[in-house]
Amino acid sequence: MHWSEEIAEQIIQKNPDKPEYVCAAGVSPSGSVHIGNFRDIATSLFVVKALEKKGKKARLLISWDEFDRCRKIPANVQAVVGDTYDKYIGCSYVDIPDPWGCHENYAKHFEDEFLRGIAPFGIKLDCRYQAEMYRSGKYRDNLIKALKNRGEIFEILDSFKTKDMTKSEEERLAQHDADKADYYPVSIFCPECRTDFTKITSINEDCTEAQFTCRCGHSGSFNFLENFDCKLGWKIDWAMRWMYEGVDFEPGGKDHSAPTGSYNNSKVIAKKIYDHEAPIYQGYEFIGIKGVAGKMSSSSGLNMTPETLLKLYQPEIILWLYSKTEPVKAFDFCFDDGILRQYFEFDKMYSEYISGQASEYNAAVMYNCVIEGRTLETVPMGLLVQLGSIVDFNVSMLETVFEKIGTPYKHEQFADRLDRAKFWLEKCAPEQVNRLRATRNFEVWNALDENEKKAIALLHDYIAAGGYTLDELNAELYAIPKAVYPELVESPKELKAVQGKFFKNVYKLLIDKEQGPRLYLFLYAIDSDKFVGLLDFSHGKTDDEIATEQAAADAEAAALKAAEKTYGEPDPVEPIKEEKVTLDDFAKFDLRVCKIVKCQEIRKSHSCYKLTLFDGIGERVIVSSIKHDYTPDELIGKKIIVIANLEPARITGVTSNGMLLAASNNACGCKVVFVDDAVPEGTSIH
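Residues numbered from 1 in each chain as written. Predicted model: local features only at pLDDT ≥ 70, side-chain atom pairs only at ≥ 80, totals over all residues. Heavy atoms only, no water.

Student: Which parts of the structure should I look at to understand the pairing of strand β2 (residues 58–64)?
Tutor: Of all the 7 residues making up β2, 6 are buried; the element is thus mostly covered by neighbouring parts of the structure. Inspection of the sheet shows strand β1 (residues 21–27) paired to β2 by 7 bridges, in the parallel sense. Bridge assignment links Gly26 to a residue of β2, and that residue is Ser63. Each parallel crossover has a hand, and the one from β1 via helix α2 (residues 38–53) to β2 is right-handed. Relative to strand β3 (residues 126–129), β2 runs parallel, the two sharing 4 bridges. (Buried < 20%, exposed > 50% of the residue type's maximum accessible area, 1.4 Å probe, protein only. Helix = DSSP H or I, 4+ residues; strand = E, 2+ residues; numbered from the N terminus. Pairing = 2+ DSSP bridges. Right-handed = clockwise from strand over helix to strand, strands pointing away.)

This is the structure we're talking about:
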């Protein structure tokens, strides 16, 4: 039984007579909604399909958490607005302007981006927009109920917290009582600055009106019966919405699934405060990206959205990866060769499903992947990649190639995969692009021995004569080494070695690589007139070849020269400063190891980078004038030494919290002091 069907069985057993089941998922438009968050939707989607398969009515409820407070500005937004959006931290996402100006607010921009991105999946969503739900007053009574029960809610939340054992029992009790007295399960958005940097100072007996102050200096009264510009804390909000929407199932990431995580907190709140049984829950592992560096999240700048992945994967294959992998297990989206293996495995399982030969479990996996209105053709992705680059992805030529090798696929059959094959090859694996050389490779030819040259000459003559079939060409490629090395015919191991070397020589002469597409397919598919001349060394270099080689050499020399940095004589060595520094003076400097997490250019600055560092405790930003000496790729991930307690300074519009250590000399330019990667972040320099 598929994992989604097992969950569906649990849902039905818990509430067998419910007329419609609700499977929920939550999405925060804090930035571009990444493919990891899509697991929330896919997990609930498959449970909905499993319930429907069992004859039950079910719907997929999506909660847009657009009323959440903004905690940080994502990298892709910063690239557009710089630091100007820092003032919106603490505001709800619907109260922030769209950085691109194309939507009514920040939240709508990313909601529309995501909904547009998942349209090809054909998923039916019942959307709830939380800003509208709160501000319309729909949650008013439930919010006031939480305020009236704030003491009990505090005790529930506190019971899941790890106690500070460094304090005495008396100190812990005093702190507990103080925290409880100051606790309110709701945040008020300030009417002046629109942020939630507010503090409730008192509340009336029936919990309908509170006094509050804000960090901006504003203070006032807030009537919960009339003013709805406020929001429950996450764990209370989640429990309240389960009750309000009648949710039967909802998944969550492993961070919510820990024993002290959000689900277990909210589960108790739902029962004790709202008298509602929490829905069946399924935790899930996060998604990995193989072949691309960086953590996948909406705030990291690595916008791995469904729309991005659809440039590489057909929607059915994305669903297949989620469906075939149990939620508690991780899997990777592959930007390396693994994607070709994934296409191959999908095609195999899909063919078994269509032919009725799939196992019960695999049939259930594929059931979740079929998209209404789409017809799937399993033209091998590997072939599209291998042959597509040779013919520059020309459609008519590809059709001809497929016809020649006995697989007469037409454009309408491979159109859905062709652009994806091209995108992967050119953007993710450019080293695998196969291009025929423009001229003969005399450097390789001259390095061959006489027998190796003889083998190439025999292949040239065979290709030039033409009139062969695909099978005949394949047989000839293995026969040529036998003809050149007849003494090895009785030594299979040695013969195999020279055959392999022959294949490598052909590849190097044709595409400057030691391997490539299956050689017999490659040579048969491509018009022989395009490559046979590259195997003919019966005459010397032509004027065109000499000119082409010279132009290539000149271009390479120019590129190397442009990349060179010219330095002068070393600066004079300055004398040691006379003023003595004591150990106490030195101890005032907090020198610590930091890791460079991000490196961003600063608008209107010709020399400075904005570096985001991890200092062992948290993130900090410094500004450094090393732009002319390093590229971002040379810095990201490196460990450096930073003066962490230097007084903050405003540099090129960015607040810099520290300064890195570097050496500058006319003989070498500016050289940052890098630290061995084995040294942990936060380590002090003594």
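Student: Explain the state of the cysteines here, please?
Tutor: Simply put, disulfide is the name for a covalent bond between the sulfur atoms of two cysteines. Under the definition given, this model contains 0 disulfides. Left unpaired, Cys70 is separated from the closest cysteine sulfur, that of Cys91, by 7.7 Å. When its relative accessible area of 0% is taken as the criterion, Cys70 is described as buried. No disulfide involves Cys214; its nearest neighbouring cysteine sulfur is the one of Cys193, lying 3.5 Å away. Accessibility expressed as a relative area gives 9% for Cys214, which makes it buried. (Disulfide = S-S within 2.5 Å.)

Student: Just checking my understanding: could you explain empty space enclosed by the protein for this structure?
Tutor: Empty space among the atoms becomes visible once a probe the size of a water molecule is rolled across them. Applying the stated criterion across every chain yields a total of 3 cavities of 30 Å³ or more. Of the pockets and cavities examined, the largest cavity occupies roughly 90 Å³. Contributing to the lining of the largest cavity are Ala24, Ala25, Gly26, Leu61, Ser63, Gln130, Trp238, Arg241, Trp242, Glu245, Val247 and Glu250. Counting residues per element, the ones that place at least two in the lining of the largest cavity are β1, β2 and α9 (234–245). At 4 residues, α9 tops the list of elements feeding residues into the lining of the largest cavity. Partitioning the lining of the largest cavity into residue classes produces 6 nonpolar, 3 polar and 3 charged. Of the voids in this model, the second largest cavity is the one considered here, and its volume is about 60 Å³. Lining of the second largest cavity is provided by Tyr134, Gly137, Tyr139, Arg140, Leu143, Phe224, Asn227, Phe228 and Cys230. Grouping the constituent residues of the lining of the second largest cavity by class yields 6 nonpolar, 2 polar and 1 charged. (1 Å grid on protein atoms, 1.4 Å probe; cavity = no way out; pocket = protein on both sides within 12 Å on 5 of 7 lines; lining within 4 Å. Points joined across faces, edges and corners; volume = space filled by probe spheres on them. Nonpolar A, V, L, I, M, F, W, Y, C, P; charged D, E, K, R; others polar.)

Student: I'm lost on unusual backbone geometry in this one. Help?
Tutor: Residues other than glycine predominantly adopt negative phi, and peptide bonds predominantly adopt the trans conformation. Within the chain, Asp275 stands out as a residue other than glycine whose phi angle is a positive 50°. Of note, Asp275 is situated in the loop between α11 (262–272) and β10 (280–284). Phi at Thr652 takes a positive value of approximately 45°, unusual for a residue other than glycine. Residue placement: Thr652 occurs in the loop between β17 (649–651) and β18 (654–656).

Student: Quick question: what am I supposed to make of the nonpolar core here?
Tutor: Here is a general trend for soluble globular proteins: nonpolar side chains tend to be buried in one another's company. Among the nonpolar cores identified, the biggest contains 114 residues, and Phe38, Tyr313, Ile318, Tyr322 and Phe333 are the most heavily contacted of them. Counting residues in each nonpolar core, the second largest holds 56 residues, with Phe67, Tyr88, Leu143 and Trp242 among its members. (Core = buried A, V, L, I, M, F, W, Y, C linked by side-chain atoms within 4.5 Å.)

Student: Whenever I open this one, the environment of Glu569 confuses me. Can you help?
Tutor: Tracing the backbone through its elements, the reader meets Glu569 in the loop between α24 (543–563) and α25 (583–587). The spacing of Glu569 and Ala667 is 98 residues in sequence and 5.3 Å in space, taken between C-alpha atoms.

Student: Would you explain the sheet that holds strand β5 (residues 198–203) in this entry?
Tutor: Taken in spatial order, the 3 strands make up an open sheet running β5-β6-β7, and their pairing is antiparallel. Strands at the two margins of the open sheet, each flanked by one partner only, are β5 and β7 (219–223). In this sheet, neighbouring strand axes are inclined to one another by 35° on average, regardless of whether the strands run parallel or antiparallel. Here strand β6 (residues 209–214) pairs with β7 via 5 bridges, running antiparallel. Pairing of Gln211 across the sheet is with Ser221, part of β7. (Axes fitted to C-alpha atoms, helices over the stretch in contact; angles between N-to-C directions.)

Student: What am I meant to see in the packing of helix α20 (residues 450–465) against helix α21 (residues 470–484) here?
Tutor: Geometry of a packed helix pair, given as the angle between the helix axes and the separation of the axes. Interhelical geometry of α20 versus α21 gives an angle of 150° and a closest axis separation of 9 Å. With respect to α21, the axis of α20 lies roughly antiparallel. The two elements α20 and α21 cross, and the hand of that crossing is right-handed. Of the residues in α21, those in contact with Asn451, Lys454, Ala455, Leu458, Leu459, Tyr462 and Ile463 of α20 are Glu472, Leu473, Glu476, Leu477, Ile480 and Val484. Class assignment for the residues of the contact of α20 with α21 results in 9 nonpolar, 1 polar and 3 charged. (Parallel < 35°, antiparallel > 145°, perpendicular 65-115°, else oblique. Left-handed = near helix turned anticlockwise from the far one by under 90°. Contact = heavy atoms within 4.5 Å.)

Student: In this structure, what is going on with the side chain of Ser63? I would like to understand it.
Tutor: Relative to the helices and strands, Ser63 resides in strand β2. Of note is the side chain of Ser63, whose polar atom sits 3.3 Å from the side chain of Asp65. When neighbours within four sequence positions are excluded, Ser63 is seen to be in contact with Ala25, Gly26, Val27, Arg128, Gln130 and Arg241. (Polar contact = N/O pair within 3.5 Å; in protein donor to acceptor, adjacent residues only side chain to side chain.)

Student: Would you explain the packing of helix α16 (residues 381–390) against helix α17 (residues 395–404) in this entry?
Tutor: Orientation of α16 relative to α17, taken along the N-to-C sense of each, is 115°, at an axis distance of 10 Å. Considering how the two elements wind past one another, α16 and α17 form a crossing that is right-handed. Touching Leu383, Leu384, Leu387 and Gly388 of α16 are Leu398, Val401 and Phe402, all from α17. Looking at the contact of α16 with α17 residue by residue, the classes come out as 6 nonpolar, 1 polar and no charged.

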